[in-house]
Amino acid sequence: MADGPVGSAAGRAAARPRWCAVIYDREQVARALPDYVLGEHLGSGTFGAVLAAQHREMDRPVAVKVLPAKTLRGNTTDEAKLLGQLDHPHVVRVHDARRTDDLCLVVMELLPGGTLTQRQIGFGPTQVCAVGLAVAAALAYIHRPGGQAQGLLHRDIKPDNILFAADGTPKVGDFGIAKLFDGSGAAASGLAGTPAYMAPEQFNGDRLSPATDLYALATVLYQALAGRAPYDGSKEWGLLRYQKRKDPPPPLDDVPTPVAMVIMRTLARSPADRYASAVEFSLALARAGAEAFGPGWLTRVGHPLHLDDAVRATAGSGVPGGSATDTAGQRTIVTHGGPRRHPEHRGPRTGQPGGIRTGQPGGIRTGQSGGIRTSQQRTRHDDHPEVLAAAHSDASELSDVGDHEAARTLDEDTLARRLRVLGPDHRDTLATAHNLAADLAALGDQRGARDLYLDTFARRRAVLGPADAGTLTTAFNLAVVLSALDEHEHARDLGEETLRLRRGTLGPDHADTLAAAFNLAVYLGRLGRYQEARTIGENVWADRCRLLGAGHPDVLRTAAALQWWIHQDQAAAPEQAVAPTP
């Protein structure tokens, strides 16, 4: 059962929202927002409805939240001004606010990636913790007294209020019951929040503090990891209040102990027993993630994260990118950032028992499971093929744990020795050159990566053939880098060729073929060819649903991008019929 915010003592008995929907006059909304072209109805929440819209002059897609004025209290104009000042990568951006006699309209950025409620089914523990760090970063920003937020408490953190941009960036939204506080906390002004996620002090009418929002965040993480909330929010208000005051939450079974300990501490009944600030919580969760999932775990989550350097360093990763290794030992670059939908970067993760494949003929593995060998454990200047194969593999392991600087250094050394021993056109030399280009891309040197990929692609194409798996992997990565450098036409051409050859060699349902199709849609979208992007995206979404199931992360990622292409296509051709979104 979904809980809605409870705004007054009159609503306590059943903990039911006062509004289940809002009836509004579309023409009235249009008159109040003459600078916007209204689009489709996106959905309804507890207190209001949400419409898609587009600014007439700026062509900026937005979401318009329509609220009945009589549900709001206080000076909403001042509140809207305050929310309009918020500027953080993990906070939903508010662009404008208008009020009529009957309605309050809030114009905000459009987030086509859905809510955590919709997406959490397909999330693993690392993704849940990454979302927790993103929300904590947003809370640290709004909680900071004297900053742009002037010290705000959100008071209604829940899965429905955590949304995702098209590129997967998590963002905190719906500040409708946010409240200013000073260093000593904020006095509770009536009951406000969603019962399942409310801290005990919210039920009791005690002073609120940042620890109140952290309690709600811990509840969200608990629910995402365990598949259930620590307390049943559908229960009668008085019983729920009693349970939160008296009964500790059930233990988090089947969750890594370091992560469970952080969450359970944040669910303490007394605010004094929780983490004092969102920053302290972030550092604890980042440290727990490194202990539970290994150094570099943030590079594997697939969500762009904008974290303080101290938090990122504590998590064991100093760079926002990462790497993966495909079945041939060729790393596939992973990049984040930017408002535009990024292409996929395909390739199974490393870390199989016994080591990872080096990409050499015969699939040589790095020996022990005890970790990467150091220069003291092998002769670095020995040019024997097995030593070079081990160095190639070690660099892949370093990249997999996020140490791209060390991986680049080792790949450069290995490449120089393979060039000397094997020559520039040997397949092993080209495998190391490919991986070095991936290192450069992960470190932000896109131009250096492009140049090395271009050379490697030309040599692989000439030596191995255009349809060779290694050639296609390099072509795939090269297109991603070209698009990152705004060379979208070249990326599209290369993407079309890669998709055609992968269909012919791997078949239409292979994961690498579908990844190539998705990336081609991305490149077309970046060129403004939304109809073509939409057509390809619909086919990829349907195929992935059939092969992987509706809750798979690849399916959800495709659906989020497809929703954006559909929106842009409809905005460009409003006379076309509205197509259903996945």
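The structure displayed is predicted, hence computed values, not measured ones. (Residues numbered from 1 in each chain as written. Predicted model: local features only at pLDDT ≥ 70, side-chain atom pairs only at ≥ 80, totals over all residues. Heavy atoms only, no water.)

A.B. asks: Can you help me understand helix α16 (residues 488-506) in this one?
C.D. replies: Structurally, the α-helix is built with 3.6 residues per turn, so residues lying three or four positions apart point the same way. Counted at 1.5 Å a residue, the expected span for α16 with its 19 residues is 27 Å, and the 25 Å between its end C-alpha atoms agrees. Those residues of α16 not exposed but buried are H488, A491, R492, L494, G495, E497, T498, L499, L501 and R502. Tucked inside the fold, the buried residues of α16 contact α14 (446-463), α15 (469-484) and α17 (511-526). At the C-terminal side of α16, G507 shows a positive phi close to 100°. (Helix = DSSP H or I, 4+ residues; strand = E, 2+ residues; numbered from the N terminus. Expected span 1.5 Å × (residues − 1). Buried < 20%, exposed > 50% of the residue type's maximum accessible area, 1.4 Å probe, protein only. Contact = heavy atoms within 4.5 Å.)

A.B. asks: What's the story with the side chain of Q127 in this structure? I'm lost.
C.D. replies: By secondary structure assignment, the location of Q127 is in helix α4 (residues 125-143). With near-sequence residues (within four places) excluded, Q127 lies in contact with G122, V301, H303 and P553.

A.B. asks: Looking at this structure, I do not really get the packing of aromatic side chains. What am I missing?
C.D. replies: Ring pairs (aromatic) are described by centroid distance and by the angle formed between their planes. In total, this model carries four aromatic pairs according to the counting rule given. Seen from their ring centres, F293 and W297 are 5.7 Å apart, and the 55° between their planes marks the pair as tilted. Side by side, F293 and W297 carry an identical accessibility label, which is buried. Just above the ring of F164 sits the side chain of R119; from NZ or CZ to the centre is 4.4 Å. Sitting over the face of the ring of Y275, R265 holds its NZ or CZ atom 3.9 Å from the ring centroid. (Phe/Tyr/Trp six-rings, centres within 6.5 Å; stacked < 30°, edge-to-face > 60°. Lys NZ or Arg CZ within 6 Å of the ring centre and 35° of its normal.)

A.B. asks: In this structure, what is going on with unusual backbone geometry? I would like to understand it.
C.D. replies: It is generally the case that most residues other than glycine have a negative phi and that most peptide bonds are trans. Of note, the phi angle at R155 is positive, near 75°, even though the residue is not glycine. Among the secondary structure elements, R155 is positioned in the loop between β6 (152-153) and β7 (162-164). Positive phi, normally seen in glycine, also occurs at D486, with a value near 65°.

A.B. asks: Looking at this model, I keep getting lost on the nonpolar core. Mind explaining?
C.D. replies: Generally speaking, a soluble globular protein has its nonpolar side chains buried in company with each other. Of all hydrophobic cores here, the largest spans 75 residues; its most connected members are V259, I263, F281 and W297. If you list the elements that add at least two residues to this core, you get β3 (61-68), β5 (103-109), α4, β7, α6 (210-226), α8 (257-266) and α9 (278-293). By residue number, the principal contributor to this core is α4, which donates 14 residues. When residues are assigned to domains, this core turns out to be shared by domain 1 (26-109) and domain 2 (114-180 + 192-316), each giving three or more. Here I263 is in contact with A218, L221, Y222, L225 and L252, once residues within four sequence places are set aside. Counting residues in hydrophobic clusters, the runner-up holds 38 residues, among them A433, L436, L440 and L494. (Core = buried A, V, L, I, M, F, W, Y, C linked by side-chain atoms within 4.5 Å. Domains from an automatic or database assignment.)

A.B. asks: When you look at the pattern of salt bridges in this model, what are you seeing that I'm missing?
C.D. replies: Side chains that carry opposite charge are capable of pairing whenever their charged atoms lie near each other. Within the structure shown, the criterion is met by 22 salt bridges. Among the salt bridges present, the one from D174 reaches K65, with a minimum N-O distance of 2.9 Å. Taken together, the positions of D174 in the loop between β8 (170-172) and β9 (179-180) and K65 in strand β3 put the pair 109 residues apart, joining distant regions of the chain. A relative accessible area of 18% means that K65 is categorised as buried. Overlapping salt bridges, with partners in common, bring together D35, D96 and R98 in one network. (Salt bridge = Lys/Arg side-chain N within 4 Å of Asp/Glu carboxyl O.)

A.B. asks: Looking at this structure, I do not really get the packing of helix α12 (residues 404-422) against helix α13 (residues 427-442). What am I missing?
C.D. replies: Relative placement of two packed helices is described by the angle separating their axes and the distance separating the axes. The interhelical angle for the contact between α12 and α13, taken along N-to-C directions, is 155°, at an axis separation of 9 Å. As judged from the angle between their axes, α12 and α13 are roughly antiparallel. Regarding α12 and α13, the two cross each other, and that crossing is left-handed. Where α12 abuts α13, its residues H404, A407, R408, D411, E412, T414, L415, R418, L419 and L422 lie against D428, T429, T432, A433, N435, L436, D439, L440 and A442. Residues belonging to the contact of α12 with α13 are distributed by class as follows: eight nonpolar, five polar and six charged. (Axes fitted to C-alpha atoms, helices over the stretch in contact; angles between N-to-C directions. Parallel < 35°, antiparallel > 145°, perpendicular 65-115°, else oblique. Left-handed = near helix turned anticlockwise from the far one by under 90°. Nonpolar A, V, L, I, M, F, W, Y, C, P; charged D, E, K, R; others polar.)

A.B. asks: What should I look at first to understand the environment of V37 in this one?
C.D. replies: Following the sequence through the fold, V37 ends up in strand β1 (residues 36-44). Since its relative accessible area comes to 40%, V37 is described here as partly exposed. Between the C-alpha atom of V37 and that of H55, which follows or precedes it by 18 residues, the distance is 6.4 Å. Filtering out sequence-adjacent residues up to four positions away, V37 remains in contact with A52, A53, Q54 and R56.

A.B. asks: Help me understand the sheet that holds β3 in this model?
C.D. replies: As summarised here, the arrangement of the five strands in space is β1-β2-β3-β5-β4, forming an open sheet in which the pairing is antiparallel. What marks the edges here is a single partner per strand, and that holds for β1 and β4 (94-99). Shown here is a sheet whose adjacent strand axes are inclined to one another by a mean of 25°, direction ignored. Direction of pairing for β4 relative to β5: antiparallel, over a ladder of five bridges. Residue R98 lies in a different strand from β5, and its bridge partner there is L105. Across the sheet, helix α19 (residues 553-572) lies against β1, β2 (49-55) and β3, angled at about 55° from β2, the strand it touches most. (Pairing = 2+ DSSP bridges.)

A.B. asks: Is there a simple way to explain the pairing of β5 in this structure?
C.D. replies: Strand residues, when the strand is regular, have side chains that alternate between the two faces of the sheet. In terms of residue burial, β5 counts as a mostly covered element, since seven of its seven residues are buried. As paired elements, β3 and β5 share seven bridges and run antiparallel to each other. Looking at β5, one finds that V64 is bridged to V107. If you look at the hairpin formed by β4 and β5, you'll find three residues sitting between the two strands.

Coordinates in, geometry out; function isn't part of it.
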